[in-house]
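Observations on chain architecture
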There are 2 protein chains.
Amino acid sequence: MPRFALQVEYDGRPFAGWQRQADQPSVQGAIEDALAKLEPGPHTIAAAGRTDAGVHARAQVCHCDLQKPWDAFKLMSALNHHLKPLPVAIVGSSEVDEDWHARFSAHERRYLFRILNRRSRPTLEEGQVWHVAHPLDVEAMREGAKHLIGLHDFTTFRSTMCQAASPVKTLDELSISEVPTTAGLEIHFYLRARSFLHNQVRSFVGTLERVGAGGWHPDKVREALEAKDRAACGPVCPPHGLYLVGVGYPDDPFA
Amino acid sequence: MPRFALQVEYDGRPFAGWQRQADQPSVQGAIEDALAKLEPGPHTIAAAGRTDAGVHARAQVCHCDLQKPWDAFKLMSALNHHLKPLPVAIVGSSEVDEDWHARFSAHERRYLFRILNRRSRPTLEEGQVWHVAHPLDVEAMREGAKHLIGLHDFTTFRSTMCQAASPVKTLDELSISEVPTTAGLEIHFYLRARSFLHNQVRSFVGTLERVGAGGWHPDKVREALEAKDRAACGPVCPPHGLYLVGVGYPDDPFA
């Protein structure tokens, strides 16, 4: 039974998230339905990261098992045909060993969060950025972010719904850059870790925005972290600036 | 009667174009309706470029006449409030002389056309790029584009609906760049001229795409131009990769 790794791009807006749910559109459901057009189901696919409602992906990774020996490229084209007109596209496809697992084989997840920082609300970027109208002090946000990098108990920055066994994780990178665009200034948060807790990125960005706006001293981020208390977190920011941009594997199936 | 210049960004998808039309949504109509919330109308605004259905703008420019001495910044905020939730935003506002005219004072229009050049169809960029799935030879397109720069009779490259008095125009710039993005390779066409004919940019890009795909030799662009015959044009490409990105004035009101 051949196994295929799929790299998936999607616009998260019309979906209740990655995970299949009864009576709600999901990205997983859309791909499983497309697979059922190729071979009779039921199909159950596993993904590297279960993104929330409204969260986008450039390079989500999932795997599926099929009966027939598909050519990986033809499989991608056939799935894209059946995914139309949903805003989901398979952008990479590769046959993998049968013990390869999109979630358990992954050793790194990479996220991007985009803030559009200008007075006027977004038009072309609506639903793809978090709009912040007041000025942000990027240097202060970087100071605050430094406290979060490394091995910590991230209880403060995880949703009370989080199902991870432990709140202790290592954040390998949290870098913040100012990106001039034709729409104005964007502020990009780039995060990299073996794995993330539920709502961790949005809890970080919502908290760091408070620092950038001047409401929080950068050191208050350290205090919040050390409190190990969800109540010490800043506001959780909206989902629609968040993108799963990459998943790392020891032996990248899409390289 | 104070006159204000407004710089306008919009997503062209939900509109039948810039120009107000009976029973069809238009960007002009949206802004005139917002103005009527501030001061009793009717209001009639004039724009630098009347974009077609599906064409976007980063920096369209129009002007309006008001009764009251508005603060330009407050006017922008009030209009943006009333434009919600339409994907139209006033991103610049400035009081100008009463003989200043958004269309007639302009001495330059700048357009960007975006091709997303990858196998899989777009998701997050749907409606904001022209998707071309086959490889394009950018160097060949540049060779073809050279024939179009300068003063020419552009009869071949204008819509039969074009109302301009003369097909003779000067194209100051048509540069083509390869832009790597998180979605894959984009090809950007940047065009600059005092003014453009109806469908001129889309006629250029549709023709140059044929060159990039290998169907046309670059010299065929010169032959098409010299034919001064609409029938010699390549296919007119779709509108949704096109952006009005700037309008030049002798004394920039937004500088």
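What counts, and at which threshold
Residues numbered from 1 in each chain as written. Chains lettered and ligands numbered in written order. Predicted model: local features only at pLDDT ≥ 70, side-chain atom pairs only at ≥ 80, totals over all residues. Heavy atoms only, no water. Least-squares fit on C-alpha atoms with pLDDT ≥ 70 in both. Contact = heavy atoms within 4.5 Å. UniProt positions renumbered as here; feature names shortened; annotations may be inferred. Helix = DSSP H or I, 4+ residues; strand = E, 2+ residues; numbered from the N terminus. Buried < 20%, exposed > 50% of the residue type's maximum accessible area, 1.4 Å probe, protein only. Patch = residues over 30% accessible without salt bridge, like charges linked within 9 Å, V, L, I, M, F, W, Y side chains within 5 Å. Areas by Shrake-Rupley, 256 points an atom, 1.4 Å probe, with all protein chains shown as cover. Salt bridge = Lys/Arg side-chain N within 4 Å of Asp/Glu carboxyl O. Lys, Arg positive; Asp, Glu negative; His and termini not counted. Charge placed at Lys NZ, Arg CZ, Asp CG, Glu CD. Pairing = 2+ DSSP bridges. Domains from an automatic or database assignment. Buried area = accessible area lost by both parts, 1.4 Å probe. Polar contact = N/O pair within 3.5 Å; in protein donor to acceptor, adjacent residues only side chain to side chain. Nonpolar A, V, L, I, M, F, W, Y, C, P; charged D, E, K, R; others polar.

What follows concerns the relation of the copies chain B and chain A. Note on the identical chains: chain B maps onto chain A by a rotation of 180 degrees and an axial translation of 0.0 Å, with an RMSD of 0.0 Å. Between the two chains, the operation in question is that of a two-fold axis. Taking C-alpha positions as the reference, the residue of chain B nearest the rotation axis is Glu125(B), at 4.9 Å. The overlap is high: 100% of the interface residues of chain B also sit at the interface in chain A, so the same surface is used on both sides.

The subject of this paragraph is the UniProt feature "binding site: substrate" (unreviewed entry) in chain A. Residue and element names in this part refer to chain A. Feature annotation in UniProt places "binding site: substrate" (unreviewed entry) on Tyr111, given in this structure's numbering. Take Tyr111: it is sitting in strand β5 (residues 108–117). According to the relative accessible area criterion, Tyr111 is buried, its value standing at 11%. If we skip the residues at most four places from it in the chain, Tyr111 touches Phe189, Tyr190, Leu191, Phe196, Val201, Leu242, Tyr243, Leu244 and Val245.

Taken together, the side chains of Glu95(A), Asp97(A), Glu98(A), Asp99(A), Asp251(A) and Asp252(A) make up a negatively charged region of the molecular surface. Of note, Asp99(A) is situated in the loop between β4 (88–96) and β5.

Our next topic: the pairing of β5(A). Look at any regular strand and the pattern is simple: side chains alternate between the two faces of the sheet. All names here are of chain A. Burial of β5 is extensive: 9 of the 10 residues sit out of reach of the surface. With 9 bridges joining them, β5 and strand β9 (residues 184–193) adopt antiparallel strand pairing. Directly across from Leu112, in β9, lies its bridge partner Tyr190. Pairing of β5 with strand β6 (residues 130–132), which is carried by 3 bridges, proceeds in the parallel orientation. For Leu116, the partnering residue across the bridge sits in β6 and is His131.

Here we take up the domain arrangement of chain A. Residues and elements named next belong to chain A. Considered domain by domain, chain A is made up of domain 1 (3–105) and domain 2 (108–246). Centre-to-centre separation of domain 1 and domain 2, based on C-alpha positions: 27 Å. The partner domain 2 presents 14 residues to the 15 residues of domain 1 that form the contact. For the pair domain 1 and domain 2, the summed buried surface comes to about 1200 Å²; carbon and sulfur atoms form 48% of the total. Ranking the residues of domain 1 by area buried against domain 2 places Arg13, Asp52 and His56 at the top, with a combined share of 40%. Across the contact surface, domain 1 and domain 2 share 1 salt bridge. The interface formed by domain 1 and domain 2 contains 10 residue pairs in polar contact (both at pLDDT 80 or more). Broken down by class, the residue content of the side of domain 1 that touches domain 2 amounts to 5 nonpolar, 5 polar and 5 charged.

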